[in-house]
Amino acid sequence: MKPFISHLLLLLYQLLPSLVLTDTCPTDCTCTTIYSILCFSRRAPKMPSDVSTEAKSLYVFKNGIETLSQEDFDGLSNLEMLDLSQNKLTELPDRVFEPLSSLLNLDLSANQIVHISQESFAGLELLERLYLYNNFIESIHPAAFDGLELLIELKLQGNKLTTLPALKMPHLLLLDLRFNSIPTPGPKRLHTPKLESLKLGGLGLTRLDEDLLGSFKNLHELDISNNQLTTFPPVLREARGLVTLSLGGNPMGPLKWEDFEKLTELQELDISNLSLQGLSETLTQLFPLLKKLTVAENPFNCLCNLAWFPSWLRNKQIQLGRTEETRCHFPPLNAGKVLERLVHQDFGCPTTTTVTTRMVKTTVVIPALATSLPSTTQAVLHAKPSEYASKETENDLPSPIPSTTIDPDLRATFCPPNICLNGGTCWFNHEGHLKCRCPPRTSGTYCENKDDPPSSVDLPTVLSTVAPEITAQIVTSSSILLDFHRYIEMRPHIRGVRLTYINLSGLDKRPKQLNVPASYPEYTLRGLQPNSTYSVCASPLGDYGNMDSVCTEAQTVIQQPSPTGARLENPKLTTMLIPAVAILLLLVLIAIAVGVACYMHRKKSKGHLDHECDPSQLELDNGSLPQKQEIISRPSTVQNGGLDYEVPLMQHHSTANSNLNSLKPSYF
């Protein structure tokens, strides 16, 4: 009997937390533990009631909450995490968070807040992270953050700020001000001596204040992308401690690589959208610690002087950011191709170029194959290019003499074939020696060693069984229907999807963005150019790092010509007289045809010549006259772009959004 009683007591002891949890969990919320409460998409204008006083994390995002009061947080002195993002808050009453004396993290992003008062955050002395991004904040009281001395992260990006309040935060490590209108954030506004990450992208900066950057002694990450900087900021030449630097999207023209000589600690560099047509091989010596390089949206000329770039990325194991957006612009043979996927032969490097006394001739060198790597091939590696020049025998011409003024970019053309094994690439360095660049999973002086793949699993078989996460279902000349059911299914807690698409075939390579709720597993991109290749990427809404991005490509079809087949070849040379004459002739021909048809119809009627002739009733040999097709003019569609503003994304009046009207949320 005693063992049975002890077993029953143990069972009750195990069930007791669940029973208590069920009684204390607020309505329409989920409580995995008594300390964590998730109220997602409750669609209620007020905070949930009956929240346990033991709760430490409270997630009430995307609830439609419009107002807050102190009574909403009474008894929640143990709360450490409060997520109020994606609601409808327009203001923060004074001292509204004062009962939350233990709060460490507060997320108010993607609301509709306009002003921050002096006492909006009163009582939050322990707060460490404050997220206010993607609101409509126009003004902040100068003393609004004075009591937040322990704050380490402050995110204000995506608001309507024109001035920056004085920030006296001795422990602040991250400050994000991107996409506001603050053209001159002076050093007197920032008293943040420990700042490590400063993000000033999209502020409209025309210069970078030297005193501002000089006041930070521990700055590791700097983002000054998408501004109006016309030259490389001189103050950056001495910023030796930078690990991450973003310069993309500035009209600063060609880069001078000597400006980067002292930035030897860089691990991530973004120089996208700078109108770069090429990259100097000096880049290989500048950044010994480089791990990620982003050079997207540049009109690269993929010629022989850029052939070193893909193999350098592979050999140094450098990640190329936004790979699908890094494409060739010229020559036409490579236009639109992904730069990283090209091999040496794709860059059009010429074969051996020699100069003779009578003619200039291009010959292909065919030396004897190496039979012993340690002996015979070693001699080949240190031979001069002139030793491999072929002899002219057909016309008894003198032996060709190699040019002494050969372009350094053509040094790779003097490599004999078959010197590098397993697909290795041969090149001729400045010391006069031949070297081999080895592809992945090969090694050795001549790439003679083949390493085993990391796994014995048949990779093609595995990949073929995995369905793509985003696909193009229907493609027309101006639209693409995207299906990302699987992308959302694999991320059940995703807030929404940010779609980024680029026309890879057009001159304008700037990406366009729009935000789609998670309730829209299909979406149609409209207003696209015909016969163009588009790259479309999906990433979680609010993820600025694009770490979980999935991409696909689709090509719009060729636009069908008009039924008449008429096409205007050169509109600039066309006058008003030509179409007028053409219309007049067309009307005359139609009148003649109708008259002849009526006459024949009367003749066949045998005596019914007085019958009225109706052209619409005439029968032709190939059937009745074609009906006029109804022409509906639609306004041009402009996709939603910019930041992740959490406003109604699918408007009922928008011609671009033709997806599942019954699922349209009232807010997002």
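Below: a short report on this structure.

Conventions we followed
Residues numbered from 1 in each chain as written. Predicted model: local features only at pLDDT ≥ 70, side-chain atom pairs only at ≥ 80, totals over all residues. Heavy atoms only, no water. Helix = DSSP H or I, 4+ residues; strand = E, 2+ residues; numbered from the N terminus. Buried < 20%, exposed > 50% of the residue type's maximum accessible area, 1.4 Å probe, protein only. Areas by Shrake-Rupley, 256 points an atom, 1.4 Å probe, with all protein chains shown as cover. Polar contact = N/O pair within 3.5 Å; in protein donor to acceptor, adjacent residues only side chain to side chain. Contact = heavy atoms within 4.5 Å. Pairing = 2+ DSSP bridges.

**Quick look at the overall build of the chain**
For step 1, the next point in the chain: The number of helices and strands found in the chain is eight helices and 33 strands.
For step 2, the next point in the chain: Counting over 668 residues, the chain shows a buried share of 40%.
For step 3, the next point in the chain: Accessible area for the chain stands at about 37700 Å²; split by element, carbon and sulfur atoms hold 55% of it.

**Points about helix H4 (residues 308–316)**
For step 1, the next point in the chain: Turning to H4, its buried residues number three or more, namely Trp308, Phe309, Pro310, Ser311, Trp312 and Leu313.
For step 2, the next point in the chain: Of the residues flanking the end of H4, it is Gln317, one or two places downstream, whose phi is positive at about 55°.

**Section: unusual backbone geometry**
For step 1, the next point in the chain: A cis amide bond links Phe330 with the next residue in sequence, Pro331, at an omega value of 0°.
For step 2, the next point in the chain: As for its placement among the helices and strands, Pro331 is situated in the loop between strand S20 (328–330) and strand S21 (352–355).
For step 3, the next point in the chain: In this structure, Phe179 is a non-glycine residue whose phi angle is positive, near 60°.
For step 4, the next point in the chain: Along the chain, the position of Phe179 falls in the loop between strand S11 (174–176) and strand S12 (190–191).
For step 5, the next point in the chain: With a relative accessible area of 32%, Phe179 lands in the partly exposed category.
For step 6, the next point in the chain: With a phi close to 60°, Ser275 is a non-glycine residue in the positive phi region.
For step 7, the next point in the chain: Within the secondary structure layout, Ser275 lies in the loop between strand S16 (268–270) and helix H3 (283–286).

**Quick notes on the side chain of Ser197**
For step 1, the next point in the chain: With respect to the secondary-structure elements, Ser197 resides in strand S13 (residues 197–199).
For step 2, the next point in the chain: A polar side-chain atom of Ser197 sits 2.9 Å from a polar atom in the side chain of Glu221.
For step 3, the next point in the chain: Those residues within four positions of Ser197 in sequence are excluded, and the remaining contacts are Leu173, Leu174, Leu175, Leu219 and Glu221.

**As for the pairing of strand S32 (residues 533–540)**
For step 1, the next point in the chain: Burial within S32 is extensive, with eight of its eight residues counted as buried.
For step 2, the next point in the chain: Here S32 shows two buried faces, one formed by Thr533, Ser535, Cys537 and Ser539 and the other by Tyr534, Val536, Ala538 and Pro540.
For step 3, the next point in the chain: By the bridge criterion, six bridges tie S32 to strand S33 (residues 550–555) in an arrangement that is antiparallel. Paired with Cys537 across the two strands is Cys551, which belongs to S33.

Purely geometric numbers; function is a separate question.
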